[in-house]
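# Chain and residue survey
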Amino acid sequence: MNAAATILPRDAALKAVKDVLDFTLPPELEASEPPEARGLARDEVRLMVSYRADDRVEHRQFRDLDAVLRAGDVLVINTSGTLNAALNVTDTATDAAFELHLSTRLPADLWVVEVRAQCGSTTAPHYHAQAGTVYRLPNDANGTLDATATLLTPYNTQDRANGGATRLWIAALTLPTDPLAYLAEHGFPIRYSYVRAGWDSAYYQTVYADEMGSAEMPSAGRAFTHDLLDRLRARGVQIAPLILHTGVASLEDHEPPYAEYYRVPAATAQLVNQARAGGQRVIAVGTTVVRALETVTDADGNTHAGEGWTDVIITPARGMRAVNGLITGLHEPKATHLAMLEALAGRDHLRVAYEQALAHGYLWHEFGDLHVILP
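In what follows, the accompanying structure is described. All residue numbers refer to position in the chain's written sequence, counted from 1. Whole-chain, interface and lining totals are the exception, using all residues; otherwise, since this is a predicted model, local features are given only for residues with pLDDT of at least 70 and side-chain atom pairs are given and counted only at 80 or more. The side-chain numbers reported here are obtained from all heavy atoms of the structure, hydrogens and water having been left aside.

## A look at the environment of Met320
- Segments assigned H or I by DSSP are reported as helices when at least four residues long, segments assigned E as strands when at least two residues long, and all are numbered from the N terminus. In this fold, Met320 is placed in the loop between β16 (306–310) and β17 (325–328).
- Accessibility here uses a 1.4 Å probe with only protein chains present; expressed as a share of the type maximum, an area under 20% marks a residue as buried, one over 50% as exposed, and anything in between as partly exposed. Given the relative accessible area of 18%, Met320 is considered buried.
- In this structure, the C-alpha to C-alpha distance between Met320 and Glu342, residues 22 residues apart in sequence, is 9.8 Å.
- Other than its neighbours up to four places away in sequence, Met320 contacts Val290, Glu294, Ile314, Met340, Ala343 and Leu344. The contact definition used throughout considers only heavy atoms, calling two residues in contact when any of these lie within 4.5 Å.

## Some thoughts on the nonpolar core
- Counting 79 residues, the largest nonpolar core has Val76, Leu137, Leu293, Tyr354 and Trp364 as its most contacted members.
- For this core, the leading source of residues is helix α8 (residues 336–345), giving six residues.
- As used in this record, nonpolar core signifies buried Ala, Val, Leu, Ile, Met, Phe, Trp, Tyr and Cys residues forming a set joined through side-chain atoms within 4.5 Å. Counting 25 residues, the second-largest nonpolar core is a separate cluster that includes Leu65, Ile77, Ile327 and Leu370.

## With respect to helix α9 (residues 347–359)
- Expected helix span is computed as 1.5 Å times (number of residues minus one). Relative to the 18 Å expected for 13 residues at 1.5 Å per residue, α9 spans 18 Å between its end C-alpha atoms, a close match to the ideal helical length.
- Within α9 the residues assigned to the buried category are His349, Leu350, Arg351, Ala353, Tyr354, Ala357 and Leu358.
- Phi turns positive, to about 70°, at Gly361, one or two residues after α9.

## A closer look at the sheet that holds strand β18 (residues 370–374)
- The pairing criterion is simple: DSSP has to find at least two bridges between the two strands. The sheet built from nine strands is open, its strands ordered β2-β1-β18-β17-β15-β3-β13-β14-β16 with mixed pairing. Both outer strands of the open sheet, β2 (56–61) and β16, are each paired with one neighbouring strand and no more. The mean inter-strand angle of the sheet, taken between neighbouring strand axes irrespective of direction, is 20°.
- Summarising the sheet, strand β3 (residues 74–78) and strand β15 (residues 282–285) pair through three bridges and their orientation is parallel. Looking at β15, one finds that Val76 is bridged to Ala284. Each axis is a line fitted through C-alpha atoms, taken for helices only over the stretch in contact, and angles between the N-to-C directions span 0 to 180 degrees.

## Description of the packing of helix α7 (residues 287–295) against α8
- Axis separation between α7 and α8 bottoms out at 11 Å; the angle between their running directions is 65°. Comparing the axis directions of α7 and α8 gives the class roughly perpendicular. Seen from above, α7 lies across α8 with left-handed handedness. Between α7 and α8, the residues in contact are Thr287, Val290 and Arg291 and His337, Met340 and Leu341, respectively.
- Its residues placed into classes, the contact of α7 with α8 shows three nonpolar, two polar and one charged. Our angle categories are set so that under 35 degrees counts as roughly parallel, over 145 as roughly antiparallel, 65 to 115 as roughly perpendicular, and the remainder as oblique. Here is the rule for handedness: rotate from the far helix to the near one, and if that takes an anticlockwise turn smaller than a right angle the crossing is left-handed, while a clockwise turn gives right-handed. Under the grouping applied here, Gly and all other residues not named as nonpolar or charged are polar, the nonpolar ones being Ala, Val, Leu, Ile, Met, Phe, Trp, Tyr, Cys and Pro and the charged ones Asp, Glu, Lys and Arg.

## Quick notes on the pairing of strand β11 (residues 168–174)
- The buried count for β11 comes to five of seven residues, which makes it a mostly enclosed element.
- Pairing analysis gives five bridges linking strand β7 (residues 110–119) to β11, with the strands arranged antiparallel. Paired with Glu114 across the bridge in β11 is Leu168.
- Across six bridges, the pairing between strand β10 (residues 148–154) and β11 is antiparallel.

## Looking at the environment of Ala275
- Inspection of the secondary structure assignment puts Ala275 in helix α6 (residues 266–277).
- Discounting chain neighbours no more than four positions away, the residues touching Ala275 are Val74, Gln280, Arg281 and Val282.

## Some thoughts on helix α5 (residues 226–235)
- For α5, the set of buried residues is Leu228, Leu229 and Leu232. Viewed along the axis of α5, the buried residues span an arc of 100°, placing them on a single side of the element. Away from the buried face of α5 by more than 90 degrees, exposed residues His226 and Ala234 are located.
- On its buried side, α5 packs onto α2 (65–68), β3 and β13 (238–244).
- Looking one or two residues beyond α5, the residue adopting positive phi is Gly236, at roughly 100°. This arc describes the spread of directions from the helix axis toward the C-beta atoms.

## Some remarks on the packing of aromatic side chains
- Two aromatic rings, drawn from Phe, Tyr or Trp (for Trp, its six-membered ring), form a pair once their centres lie within 6.5 Å of each other, and the interplanar angle then sorts them: stacked below 30 degrees, edge-to-face above 60, tilted otherwise. Under the counting rule described, the total for this entry stands at eight aromatic pairs.
- Ring centres of Phe98 and Tyr135 lie 5.8 Å apart, and the angle between their planes is 80°; on these two criteria the pair is classed as edge-to-face. Of this pair, Phe98 sits in strand β6 (residues 97–105) while Tyr135 is found in strand β9 (residues 134–136), placing the two residues 37 residues apart along the sequence.
- Accessibility expressed as a relative area gives 11% for Phe98, which makes it buried.
- Aromatic side chains Tyr155 and Tyr258 sit 5.5 Å apart centroid to centroid with 65° between the ring planes, which places their arrangement in the edge-to-face category. Note that Tyr155 is positioned in the loop between β10 and α3 (157–162) and Tyr258 in the loop between β13 and β14 (260–264), a separation of 103 residues in sequence.
- The exposure class of Tyr155 is partly exposed, given its relative accessible area of 24%.
- Given the relative accessible area of 11%, Tyr258 is considered buried.
- Three or more aromatic residues link up through ring pairs in this structure, and these residues are Phe62, Tyr208 and Phe224.
- Its end group placed over the ring of Tyr362, Arg46 keeps NZ or CZ at 4.2 Å from the ring centre. Lysine and arginine charges are scored as sitting over a ring when NZ or CZ, respectively, is within 6 Å of the ring centre and within 35 degrees of the ring normal.

Everything listed here is a matter of geometry and, on its own, says nothing about what the molecule does.
Right, dumping it as structure tokens:
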């Protein structure tokens, strides 16, 4: 085959997007390290700006966001901080080593957890764990065995009913201290195979995080800096916070997201309602913000304050009521996040945007580039 006839991985992915918006992400477009390791500031990652009205696409740096947004826009951010949610553990019965990911803190000191086995230089879900298994967690300073996790029951009711492979478990943790303090001392950030080296937890925090609770970083907000936020406020952009504590995102089988804790303050709901009533744009920073806002927005488009657990999944059939703009990373095909994006932008517009992202070599995942979708 001559060079002219060779289809490069990115070319193949681009053709797949043109056809059905389904593609295998080329490995060279997976961001394997933070932008700081590539000599960039946080806000120097690339920003693709796409406009739904006419499918126009602009290519900028994220630090240009204040030139893209305008006075009266409401930017809704998720101020959840990222936990050191991964722990090296051993099965107390076999001494086999595993990695335990703490996903979601439940009432009564229970947690949703994922057990992962070593698979070369990375980890993969350990589907053969059994109820009653006790894992030894890292010991405290005096070396006593007072940190354990016990698997109680599969989190997914279907797994419990059919005895099938189980990825997520409800577990009881016995810890020598408060869970947040324990994780800060003994845990480390969750990372997946495309991130080749471990990075300090500071690389997994947004600059505006103020309440720890997410298993994985709400990464659409990672590129913000204090300087950029100040410039946005000076331009007249209103910034409204909420909380949604994210669970693990290692959905290898593309299962839908599960229930997550959220809290939408009354002041944020009021800003969102005022903006929509005045014909202004409401722009969510990340799919986590969309999920929280959609949970508290009724069928008439009125957003309310609220707190609790959301299992809302946004699809094109359901539609989107709360926001008309979104800052987000680039998502792999079949991910539920793409269904959310399609609910906002439509399949045809996403096809245009993703063609551009692939053709221009944008980087995927939490350390990658960003995409803002506007009306």
